[in-house]
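Listed below, chain by chain, are the residues.
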Amino acid sequence: MLVCQALTDTTVIFPPVKCPHMEDATVTQSVDDGIATITLNQPESRNALSAELADALTATFESVTDSDARCVVLEGAGPAFCAGGDINAMLQGVKHDRPPATQVELVVSSLHEAIRTVHSCPLPVVAKIDGPAFGAGAGLALACDTQVASTDAQIGFGFRQVGLASDSGVSYFLPRMVGPNKAKELLFTGELLDASAAEELGLFTRVFDTETFESAFSELVTDIAAGPTVALSHAKRLVNRSLDSSLEQALENEATAQGLAFTTDDHEEGTTAFVEKRDPEFTGQ
């Protein structure tokens, strides 16, 4: 497989590389202390979003709610978070002169289903970005609820480098984060942003030094996982819906969500702990 890796401002094509992970699952999952870690496990392709990997990502996210997870971490194995789309499938489309509808089905459909599934996951989803997130990989990062990066991370929307517009939800997420004009500039130029620039624009919600990244990230995610799971799920849904709602609809949605949250054990624990002047111990129920 040939893939595009965002290490410079220009597209770089890499040949296939044999490595010990080649026989592993394309996506792995583990759950520890309420934190589900979902790993894009194709480091030899810089975790490029082939249809196979996208389908596996969708299936893994759909199954995570059956576990005892209260928070999800999405990461990439190896030096990249995700280097973008499947260049090999794109090249095959050019070589065989595939009709546009066929090419969309082969290259985009599975990718877009993965984006929908990640974005709609009821649990908080934290992107752990410790390397390049490029093109469709950048879209995948933005589909998560929060984007936490190391100073080694980069993000870019270089679809133009392979003669394409944008996909993976970038046209939806990016202007909502940086405004429509800046979004268009980033798509027009394909600029690769370092962690500092991405944080300044709001594309990375937090950036930690590489030396302290693992410990700082763990502390943050542990805090999220220890929260009132049902209430956080409603909070996520409210924010997502607010992007396309009027104030009146948002207020109605909030009233409904609070009515449901009032019935939870965590609400009782939270109010009791507040009165007793102690930290609450939420169970996620």
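Calculation rules
- Residues numbered from 1 in each chain as written.
- Predicted model: local features only at pLDDT ≥ 70, side-chain atom pairs only at ≥ 80, totals over all residues.
- Heavy atoms only, no water.
- Helix = DSSP H or I, 4+ residues; strand = E, 2+ residues; numbered from the N terminus.
- Buried < 20%, exposed > 50% of the residue type's maximum accessible area, 1.4 Å probe, protein only.
- Polar contact = N/O pair within 3.5 Å; in protein donor to acceptor, adjacent residues only side chain to side chain.
- pLDDT = per-residue confidence, 0-100.
- Contact = heavy atoms within 4.5 Å.
- Patch = residues over 30% accessible without salt bridge, like charges linked within 9 Å, V, L, I, M, F, W, Y side chains within 5 Å.
- Areas by Shrake-Rupley, 256 points an atom, 1.4 Å probe, with all protein chains shown as cover.
- Salt bridge = Lys/Arg side-chain N within 4 Å of Asp/Glu carboxyl O.
- Lys, Arg positive; Asp, Glu negative; His and termini not counted.
- Charge placed at Lys NZ, Arg CZ, Asp CG, Glu CD.
- Pairing = 2+ DSSP bridges.
- Axes fitted to C-alpha atoms, helices over the stretch in contact; angles between N-to-C directions.
- Right-handed = clockwise from strand over helix to strand, strands pointing away.
- Disulfide = S-S within 2.5 Å.
- Phe/Tyr/Trp six-rings, centres within 6.5 Å; stacked < 30°, edge-to-face > 60°.
- Arc of directions from axis to C-beta.

Peer 1: Describe the side chain of Asn-41, and please don't skip the residues or the numbers.
Peer 2: Mapped onto the elements, Asn-41 comes out in the loop between strand S4 (35-40) and helix H1 (51-64). Judged by relative accessible area, which is 6%, Asn-41 ranks as buried. Here the side chain of Asn-41 touches Ala-25 through a polar contact of 3.0 Å, landing on its backbone oxygen.

Peer 1: Could you give an account of the confidence of the model for the protein chain, with specific residues and numbers?
Peer 2: The predicted model of the protein chain averages 88 in pLDDT, with 88% of residues at 70 or higher. Below pLDDT 50 for its whole length, residues 1-23 participates in 53 contacts with residues either more than four positions away or in separate chains.

Peer 1: Break down a negative patch on the surface for me, with residues and values.
Peer 2: A cluster of acidic residues, Asp-130, Asp-152, Asp-209 and Glu-211, forms a negative patch on the protein surface. Secondary-structure assignment places Asp-152 in the loop between strand S8 (146-150) and strand S9 (154-156). The exposure class of Asp-152 is partly exposed, given its relative accessible area of 46%.

Peer 1: Give a detailed account of the sheet that holds S4, specifying residues and quantitative values.
Peer 2: Within the open sheet, the six strands sit side by side as S3-S4-S5-S6-S8-S11. Their pairing is mixed. Edge positions in the sheet fall to strand S3 (27-32) and strand S11 (206-208), since each of these pairs with one other strand and no more. Averaged over all adjacent pairs, the angle separating strand axes in this sheet is 20°, with direction ignored. With six bridges joining them, S3 and S4 adopt antiparallel strand pairing. Residue Asp-32 lies in a different strand from S4, and its bridge partner there is Ile-35. Of the strands in this sheet, S3, S4, strand S5 (71-76) and strand S6 (125-129) are in contact with H1, which crosses S3 at around 20°.

Peer 1: Account for the pairing of S4, with residues named and values stated.
Peer 2: The buried fraction of S4 amounts to five of the six residues, a majority that puts the element mostly inside the structure. Here S3 folds back onto S4, and the loop between the two strands holds two residues, one of which, Asp-33, carries a positive phi near 50°. Here six bridges tie S4 to S5, and the two strands are oriented parallel to one another. The residue bridging Ile-35 from the neighbouring strand is Cys-71, located in S5. For the segment spanning S4, H1 and S5, crossover handedness is right-handed.

Peer 1: Break down the state of the cysteines for me, citing the residues and quoting the values.
Peer 2: A full pass over the atoms with the stated rule returns zero disulfides. Looking at Cys-144, it has no disulfide partner, and the nearest cysteine sulfur is the one in Cys-121, 9.4 Å off. We classify Cys-144 as buried; its relative accessible area is 4%.

Peer 1: Give a detailed account of the packing of aromatic side chains, specifying residues and quantitative values.
Peer 2: By the definition in use, this model includes two aromatic pairs. Measuring from centroid to centroid gives 5.3 Å for Tyr-172 and Phe-173, while their planes differ by 85°, and the two rings are edge-to-face. An angle of 45° between the planes, with centres 5.8 Å apart, marks the rings of Phe-213 and Phe-217 as tilted. One end of the pair is Phe-213 and the other is Phe-217, both in helix H9 (residues 213-225) and four residues apart, which spans about a single turn.

Peer 1: Tell me about the pattern of salt bridges, residues and numbers included.
Peer 2: Here the structure, examined in full by the defined rule, presents eight salt bridges. The residue Arg-176 makes a salt bridge to Asp-244 at a minimum N-O spacing of 3.1 Å. A residue pair is termed long-range when its members are at least 10 positions apart, and Arg-176 in helix H6 (residues 170-178) and Asp-244 in the loop between helix H10 (229-242) and helix H11 (247-261) qualify at 68 residues. Asp-244 sits in the exposed class, given a relative accessible area of 57%. A salt bridge links Glu-269 to Arg-278, with the nearest nitrogen and oxygen atoms 2.7 Å apart. Connected through salt bridges with shared partners, the residues Glu-75, Lys-128 and Glu-214 form a single ionic network.

Peer 1: Would you mind going over H6 in detail, with residue names and values included?
Peer 2: What H6 keeps buried is the set Val-170, Phe-173, Leu-174 and Val-178. Taken around the axis of H6, the buried residues stretch over an arc of 95°, which confines them to a single face. Check the buried side of H6 and you find it contacts helix H4 (109-120), helix H5 (136-143), helix H7 (180-189) and helix H8 (195-201).

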